[in-house]
Amino acid sequence: MEELTAQPLHLIRHGKLVYDNLMKLGKSEPWVREMLSQLQIYDIRDVRYALLDQFGSVHVLYA
């Protein structure tokens, strides 16, 4: 089971995946891409920041 923290974790920073945080969560790049595609975002490079909050919701700021 994934462990969520009180602080949001960066999944993407300046268009690049934060692999250390993905590993902490037990998540993968395809999982991030699926979350983004649900928001109709298809290129990670367009994302400034993507955060996972303590409730498991993904929040995205993109260009």
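Above this note sits the structure.
Before going into details, it helps to say that this report is about the structure given with it. (Residues numbered from 1 in each chain as written. Predicted model: local features only at pLDDT ≥ 70, side-chain atom pairs only at ≥ 80, totals over all residues. Heavy atoms only, no water.)

For His 14, which is not glycine, the phi torsion reads 55 degrees and is therefore positive. Structurally, His 14 can be placed in the loop between β1 (9-13) and β2 (16-17). Phi at Gln 40 takes a positive value of approximately 60 degrees, unusual for a residue other than glycine. Inspection of the secondary structure puts Gln 40 in the loop between α2 (29-38) and β3 (47-52). With a relative accessible area of 64%, Gln 40 lands in the exposed category. (Helix = DSSP H or I, 4+ residues; strand = E, 2+ residues; numbered from the N terminus. Buried < 20%, exposed > 50% of the residue type's maximum accessible area, 1.4 Å probe, protein only.)

Another point: the environment of Lys 16. Following the sequence through the fold, Lys 16 ends up in strand β2. Not counting the four nearest positions on each side in its chain, Lys 16 is found in contact with Leu 11 and Ile 44. (Contact = heavy atoms within 4.5 Å.)

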